[in-house]
Amino acid sequence: MGECDVLVTGGAGYIGSHVCKALAESGYTPITYDDLSIDNRRAVRWGPLEVGDIRDPARLNEVFLRHRPAGVLHFAALSLVGESMIDPARYWNLNLQGAQCVFDAARRHGVRGLVFSSTCAIYGIPASVPIDEDAPTNPVNPYGATKLAAERMLGDYGAAYDLPHLILRYFNAAGADPEVEIGERRDVETHLVPLAIDASLGRRGPLRVMGDDYPTPDGTAIRDYVHVADLARAHVAGLEKLFAGAASRTLNIGTGRGTSVREILDAVEAATGHEVPTVAAPRRPGDPPELVANAARARDVLGPDHLPRSDIDTIVRTALAWHRTLEDPTPPGGGPGGAEAHATRSVFSSEAAVGTSARTTSRIGKVPT
Ligand SMILES: NC(=O)c1ccc[n+]([C@@H]2O[C@H](COP(=O)([O-])OP(=O)(O)OC[C@H]3O[C@@H](n4cnc5c(N)ncnc54)[C@H](O)[C@@H]3O)[C@@H](O)[C@H]2O)c1
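None of these values were measured; they are calculated from a predicted model.

Rules used throughout
Residues numbered from 1 in each chain as written. Predicted model: local features only at pLDDT ≥ 70, side-chain atom pairs only at ≥ 80, totals over all residues. Helix = DSSP H or I, 4+ residues; strand = E, 2+ residues; numbered from the N terminus. Contact = placed C-beta atoms within 7 Å. Expected span 1.5 Å × (residues − 1). Buried ≥ 20, exposed ≤ 12 C-beta atoms within 10 Å, placed from the backbone. Near = placed C-beta within 6 Å. Nonpolar A, V, L, I, M, F, W, Y, C, P; charged D, E, K, R; others polar. Axes fitted to C-alpha atoms, helices over the stretch in contact; angles between N-to-C directions. Parallel < 35°, antiparallel > 145°, perpendicular 65-115°, else oblique. Left-handed = near helix turned anticlockwise from the far one by under 90°. Pairing = 2+ DSSP bridges. pLDDT = per-residue confidence, 0-100.

Got a minute to help me understand the overall build of the protein in this structure?
Of regular secondary structure, the protein possesses eleven helices and 14 strands. Sequence-distant contacts, at least 24 apart, represent 79% of the contacts inside the protein between residues at least 6 apart.

This is how it looks when you write it as structure tokens:
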């Protein structure tokens, strides 16, 4: 077994690539297993790339035999809430059947630890905040439902097949690598921080703030933003706990701090020096006013040094530095790729979007985070 090799499904993606960097910094070799469906080959920089689909058991088997990884981090998934409502079959197929293929390969090859990317979307509309891991799970869209089903499958596998695992329920991942080597880059962007940065830099039209009449201090929705580099370090810490014999657990990964949409926009304006143009829009049905993690269990299990702690200014500053390295995707003033084009592209709302995007539809509704 490659004691230092760790297989990372979705390692070319936003969170996966940051985790690969953190693994390499801790002395591991990340083996990225990714179908490159988001065309991000350049983000694979800290170990070998194995191109493959997680639903291909023969290809997975070949890669496990070649690298004999000691651990598996499973990120590869679809995660657009709105899209999951329009085409749930794709989500159940990839997020559940794909997960099963990865879990089967992991148990067959006797890995010593598996970490699964879950989400606060499994809680649905929480009765109270901060949310702890024992809160009722009631996802309000197929995306969240597929993640909850995969969690349950992994729990059963862990109990029956001796597959030590951690289920990490992330809150809103944001920011970029502080050394600006990698960051968030998607064709369909739905996350608040990059959207606000682009709007502020004139790369897209005004940001729609969906709901300014919530029962929060400034009327906009509050979320728990986790710096992606902190999230990455929490994965390495969690994997090492499993390697050291820790029991399988489910952990919220958040800061325990809430930040409103308005506060994010203020931070973006301070960082760019430009106003973020906005238009007020109605609340999205099902969007709760506030989603904040109770991170006490993660603190106990991972240790206080491994909890996400970066503040919003750090998140925005690193995201902005990354965005400045990207080509201008949408010239100011519209035209091809301008505000209307963005409006068309962003009808899908990711789980991490919080009441903002250029356009949305009532079908999207019930966005949990
Ligand atoms: N971004 C967030 O705020 C957030 C919050 C909670 C949970 N999550 C979860 O974290 C994980 C990673 O999210 P992300 O934002 O980095 O997503 P991402 O879309 O940036 O990355 C996903 C990666 O998986 C790959 N992939 C997709 N389908 C594949 C397949 N069939 N076979 C192999 N590879 C495939 C893609 O090419 C991509 O590199 C997902 O499971 C997501 O549900 C993300």
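Now that the structure has been shown, we can carry on.
Before we go on, may I ask you to explain helix α7 (residues 228-243) in this structure?
Every α-helix winds through 3.6 residues per turn, so residues three or four apart in the chain are directed the same way. Between its first and last C-alpha, α7 extends 23 Å over 16 residues, near the 22 Å set by a 1.5 Å rise per residue. For α7, the tally of buried residues reaches 13 of 16 residues, placing the bulk of the element in the interior. A positive phi of about 100° marks G245, the residue just after α7.

How should helix α6 (residues 192-200) be read in this particular structure?
The element α6 is extensively covered by neighbouring structure, given that nine of its nine residues are classed as buried. All of the buried residues along α6 are L192, V193, P194, L195, A196, I197, D198, A199 and S200. Close packing links the buried residues of α6 with β7 (172-174), β8 (207-210), α8 (261-272) and α10 (312-325). Note on α6: the residue one or two positions beyond its end, G202, has a positive phi of about 75°.

Would you take a moment to explain the site of the ligand for this structure?
Looking at the ligand, there are 29 residues lining it, with G10, G13, I15, A77 and A173 nearest. Of all the secondary structure elements, the ones that give two or more residues to the shell around the ligand are α1 (14-25), α4 (88-108), β5 (113-119) and β7. Take the shell around the ligand: its biggest share by element is three residues, from α1. Here the residues of the shell around the ligand are counted per class, giving 13 nonpolar, eleven polar and five charged.

How should the packing of α8 against α10 be read in this particular structure?
When two helices pack together, their arrangement is captured by the angle between the axes and the distance separating the axes. The contact between α8 and α10 brings their axes to 9 Å, and the two run at 50°. Our classification of the angle between α8 and α10 gives oblique. When the axes of α8 and α10 are compared, the crossing they make is right-handed. Contacts between α8 and α10 involve E263, I264, A267, V268, A271 and T272 from the former and I312, D313, V316, R317 and L320 from the latter.

Mind showing me how you'd approach the environment of D132 here?
The residue D132 is located in the loop between β5 and α5 (142-161) in this model. Along the primary structure D132 and A295 are separated by 163 residues, whereas in three dimensions their C-alpha atoms are 7.3 Å apart.

Teacher, can you tell me more about the environment of S118 here?
Relative to the assigned elements, S118 resides in strand β5. Placed 44 residues apart in sequence, S118 and H74 show a C-alpha to C-alpha distance of 9.5 Å.

Is there a simple way to think about unusual backbone geometry in this case?
A negative phi angle characterises most non-glycine residues, just as the trans form characterises most peptide bonds. Here the bond from V129 into P130 is cis, since omega is -5°, no more than 30 degrees from zero. With respect to the element layout, P130 can be found in the loop between β5 and α5. A positive phi angle is found at D39, which is not glycine, with a value near 50°. Relative to the helices and strands, D39 resides in the loop between β2 (29-34) and β3 (49-51). A positive phi angle is found at V180, which is not glycine, with a value near 60°. Judged by C-beta crowding, with 14 C-beta atoms within 10 Å, V180 ranks as partly exposed.

Could you clarify how one ought to interpret the pairing of strand β4 (residues 69-74) in this entry?
A regular strand carries its side chains on alternate faces of the sheet. The buried fraction of β4 is high, at six of six residues. Judged from the four bridges that link them, β4 and β5 form a sheet pairing that is parallel. Residue pairing across strands places H74 opposite F116, the latter belonging to β5.

Would you take a moment to explain the sheet that holds strand β9 (residues 222-223) for this structure?
Backbone-to-backbone hydrogen bonds join strands into a sheet, with any given pair of strands oriented parallel or antiparallel. On the basis of which strands lie adjacent, the open sheet formed by three strands has the order β12-β9-β14 and mixed pairing. Each end of this open sheet is capped by a strand with a single partner; those strands are β12 (259-260) and β14 (290-291). Alignment of β9 against β14, held across two bridges, turns out to be parallel. The residue bridging R223 from the neighbouring strand is L291, located in β14.

What exactly am I supposed to notice about the packing of α4 against α5 here?
Close contact between α4 and α5 brings their axes to 9 Å; oriented N to C, the two are set at 20°. Considering their axes alone, α4 and α5 lie roughly parallel with respect to each other. Here α4 and α5 pass one another in a crossing that is right-handed. Listed contacts from α5 to P88, Y91, W92, N95, L96, A99, Q100, F103 and R107 of α4 are P142, Y143, T146, K147, A149, A150, M153, L154, Y157 and Y161.

Looking at this model, I keep getting lost on the environment of P130. Mind explaining?
For P130, a count of 19 C-beta atoms within 10 Å puts it in the partly exposed group. Here the alpha-carbon distance between P130 and G256, two residues 126 residues apart in the chain, equals 7.0 Å.

Where do I start with the confidence of the model for the protein in this structure?
Atom-level detail of predicted coordinates should not be read off regions where pLDDT is low. Confidence in the prediction for the protein averages 88 pLDDT; 88% of positions are at 70 or higher. Low pLDDT, under 50, characterises residues 329-369; the predicted model gives this stretch 133 contacts beyond four residues in sequence or across chains.

I tried to follow the pairing of β8 on my own but got confused; where do I start?
With burial as the criterion, each face of β8 is covered, one bearing L207 and V209 and the other bearing R208 and M210. Relative to strand β13 (residues 278-281), β8 is paired through four bridges, and the arrangement is parallel. Pairing of R208 across the sheet is with V279, part of β13.

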